[in-house]
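As a plain string of letters, each chain reads:
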Amino acid sequence: MSGTSNETARRMAMLRDMARIRAFEREAVAAMRSGEAPGVVHPSIGQEGVAVGVCANLKRADRITSTHRGHGHAIAKGADARAMMLELHGRAGGSCGGKGGSMHIADFAVGMLGANGVVGAGIPIACGAAQAIRLTKEDAIVACFFGDGAVNRGPFLEGMNWAALYRLPVLFVCEDNGFAAFTRNSAVTAGGGPAVRAEACGVPATAVDGEDVLAVDAVTADLVARIRAGAGPQFLHAICYRWEGHTGTDAAAYRPADEAAAARGRDAIRRLAAVLEAEGIAAGEIAGIEAQAAAEMASHRAAAMAAPWPDPGAAYSDVQDAGAPA
Ligand SMILES: Cc1ncc(C[n+]2csc(CCOP(=O)(O)OP(=O)(O)O)c2C)c(N)n1
């Protein structure tokens, strides 16, 4: 990659991050299907451009909150992918000591405050984190990821209102993949949609093609600059599509096959690869990045299978102590 411009190098890093997310989730789904990884895995394959385009504009000190579909957000924010894989397998050394699983991955070292199995619950948590940042006068912001389904829950209204009222440094990122679990969102959502609701609370909204990582990057750069300058919360409405079922074992029979196939044709990874090739990066170098990502995640999965189970006594650490043995 010698001789490439800073901008091209940055784009290569975005490609690598998207490839790492996809490779991680392919391994995670396989591990779930084989029974190696207990619990439920929700893949975000097809949505990598949102996680990476947003997090490319965050500093290490910035925080994120996530959803039940959170592997991509965590990896894009720099979380330890090996520890994440161990967590999925319930092993010692996992992000949460093997006690949390896919929907509870957190990595405070990089500001990843946690995935969350309760739809919409990350929104007030993000507002709380932003309020703490404000009180301690820290130079940081919060990016809050949630799905279009979360917009129909109370915490959404609570969070928009609170963040707007106190001009909190939060970037709300609605990943609008068109479905809430198995339900097409248009069938259960009244009114003009997520952006209209955010703006009703005074949070300015911007729409972006979430399957175009460079578009997400450019729009986010602008929104993050506004937030850092003290403009208060901003709302990013990222239109995307999830390629796989709701969970690793859902065949997604509720949607037409051609719709999912069309989304695969808009693949954020291939679109960025095409841009890079046009900028002079060899196809072989791009394939190498993807092969390296696949090898890394396969190795993490093997490491997870070989890792020890947690000490049963660890079940009583990091939790409230009611009921713990004396
Ligand atoms: C409070 C709450 N209600 C219902 C559920 C069950 N549930 C899990 S995921 C999901 C759909 C969420 O849709 P969306 O926010 O659009 O995210 P997506 O799964 O599409 O990424 C639902 C209803 C839940 N986990 N939490």
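Shown above is the structure to which this text applies.
Just so it is clear, the model here is predicted, and its values are computed rather than measured.

J.: It is not clear to me how the overall build of the protein chain should be interpreted in this structure. Could you clarify?
T.: Summing up its helical and strand segments, the protein chain has 11 helices and 7 strands in all. Here the protein chain has a C-alpha radius of gyration of 19 Å; the compact-globule value for 326 residues is 20 Å, and the two agree. Dimensions of the protein chain, computed from the C-alpha atoms along their principal axes, are close to 60 × 50 × 45 Å. Of all 326 residues assigned to the protein chain, the portion counted as buried reaches 52%. Long-range pairs, those at least 24 residues apart, make up 75% of the contacts in the protein chain between residues at least 6 apart in sequence. For the protein chain, the accessible area works out to roughly 13500 Å², and carbon and sulfur atoms hold 57% of it. In the protein chain, the 30 positive side-chain charges and the 35 negative ones have mean positions that sit 2 Å from each other.

J.: Just to check I follow, could you spell out the nonpolar core for this structure?
T.: The tendency in soluble globular proteins is for nonpolar side chains to be buried as a group. Counting 62 residues, the largest nonpolar core has Phe 24, Val 54 and Leu 236 as its most contacted members. In terms of residue count, the dominant contributor to this core is helix 1 (residues 6–34) (12 residues). Apart from the residues within four sequence positions on either side, Leu 236 is in contact with Val 54, Leu 171, Phe 172, Val 173, Cys 174, Thr 206, Val 208, Val 216, Val 219, Thr 220 and Leu 223.

J.: Help me out: how do you make sense of the pattern of salt bridges in this one?
T.: Between side chains of opposite charge, pairing is possible as soon as their charged atoms come close. In total, this model carries 20 salt bridges according to the counting rule given. Ionic pairing is found between Lys 59 and Asp 139, a salt bridge with its closest N-O pair at 3.6 Å. Separated by 80 residues along the polypeptide, Lys 59 in the loop between helix 2 (48–55) and strand 1 (63–65) and Asp 139 in the loop between helix 5 (122–135) and strand 2 (142–147) bring together distant segments of the chain. Residue class for Asp 139 comes out exposed when judged on its relative accessible area of 56%. Taken together, the salt bridges that share partners define one network made up of Glu 7, Arg 11 and Glu 279.

J.: Would you explain the packing of aromatic side chains in this entry?
T.: Working definition: an aromatic ring pair is given by the centre-to-centre distance plus the angle between the planes. This structure, assessed with the given rule, holds 8 aromatic pairs. With a centroid separation of 6.2 Å and an interplanar angle of 85 degrees, the aromatic rings of Phe 179 and Tyr 241 are classed as edge-to-face. Separated by 62 residues along the polypeptide, Phe 179 in strand 4 (residues 179–180) and Tyr 241 in the loop between strand 7 (234–239) and helix 9 (257–264) bring together distant segments of the chain. The residues Phe 179 and Tyr 241 share a single accessibility class, namely buried. Aromatic rings pair up to connect Phe 146, Phe 156, Phe 172 and Phe 235 into one cluster. Between the NZ or CZ atom of Arg 22 and the centre of the ring of Trp 243, over which it lies, the distance is 4.4 Å.

J.: Would you mind showing me how to read the site of the ligand here?
T.: By nearness alone, 15 residues border the ligand, and His 68, Arg 69, Gly 117, Gly 149 and Phe 179 come closest of all. Between the ligand and Val 119, the relevant distance is 3.2 Å, taken from a nitrogen atom to a main-chain nitrogen or oxygen of the residue. Separating an oxygen atom of the ligand from a side-chain N or O atom of Asp 148 is a distance of 3.1 Å.

J.: Would you take a moment to explain the sheet that holds strand 7 for this structure?
T.: Think of a sheet as strands paired side by side through backbone hydrogen bonds, with each pair either parallel or antiparallel. What the 5 strands build is an open sheet, ordered 1-2-3-7-6; its pairing is parallel. The sheet terminates laterally at strand 1 and strand 6 (205–209), the two strands that pair on one side only. Across the sheet, the mean angle separating the axes of adjacent strands is 20 degrees when strand polarity is ignored. Pairing geometry for strand 6 and strand 7, over 5 bridges, is parallel. In the strand pairing of strand 7, Val 208 is matched with Ala 238.

Quick notes on the rules
- Counting from 1, residues in each chain are numbered in the order their sequence is written.
- Restriction of local features to residues with pLDDT of at least 70 applies here, the model being predicted, together with a cutoff of 80 or more for giving and counting side-chain atom pairs; totals for whole chains, interfaces and linings are based on all residues.
- Side-chain metrics in this entry use all non-hydrogen atoms of the structure; hydrogen atoms and water are not considered.
- Helix and strand definitions here come from DSSP, where helices need a minimum of 4 consecutive H or I residues and strands a minimum of 2 consecutive E residues; each element is numbered from the N-terminal end.
- All radius of gyration figures rest on C-alpha atoms, and the globule criterion is 2.2 Å times the number of residues raised to 0.38.
- Only protein chains enter the accessibility calculation, which uses a 1.4 Å probe; a residue whose area is less than 20% of its type maximum is buried, one above 50% is exposed, and one in between is partly exposed.
- The contact rule is simple, with two residues in contact once any of their heavy atoms fall within 4.5 Å.
- For accessible areas, the Shrake-Rupley method is used with a probe of radius 1.4 Å. Any residue's cover is judged against the shown protein chains and nothing else.
- Only four residue types enter the charge count, namely Lys and Arg as positive and Asp and Glu as negative; His and the chain termini do not.
- Positions of charges follow a simple convention, taking NZ of Lys, CZ of Arg, CG of Asp or CD of Glu.
- To define a nonpolar core, start from buried Ala, Val, Leu, Ile, Met, Phe, Trp, Tyr and Cys residues and group those joined through side-chain atoms within 4.5 Å.
- The term salt bridge refers to a side-chain nitrogen of Lys or Arg lying within 4 Å of a carboxyl oxygen of Asp or Glu.
- Centres within 6.5 Å are what make two rings of Phe, Tyr or Trp a pair, Trp counting through its six-membered ring; a difference in plane orientation under 30 degrees is then read as stacked, over 60 as edge-to-face, and the rest as tilted.
- By definition, being over a ring means that NZ of Lys or CZ of Arg is both within 6 Å of the ring centre and within 35 degrees of the ring normal.
- Working definition: residue near molecule or strand if any one of its non-hydrogen atoms lies within 4 Å of it.
- Side-chain atoms alone can form a polar contact between residues adjacent in sequence; in general such a contact is a pair of N or O atoms within 3.5 Å, and within protein one must be able to donate a hydrogen while the other accepts it.
- Any two strands with at least two DSSP bridges between them are considered paired.
- Axis geometry follows a simple rule: fit a line to the C-alpha atoms, using only the stretch in contact for helices, then measure angles between N-to-C directions, giving values from 0 to 180 degrees.

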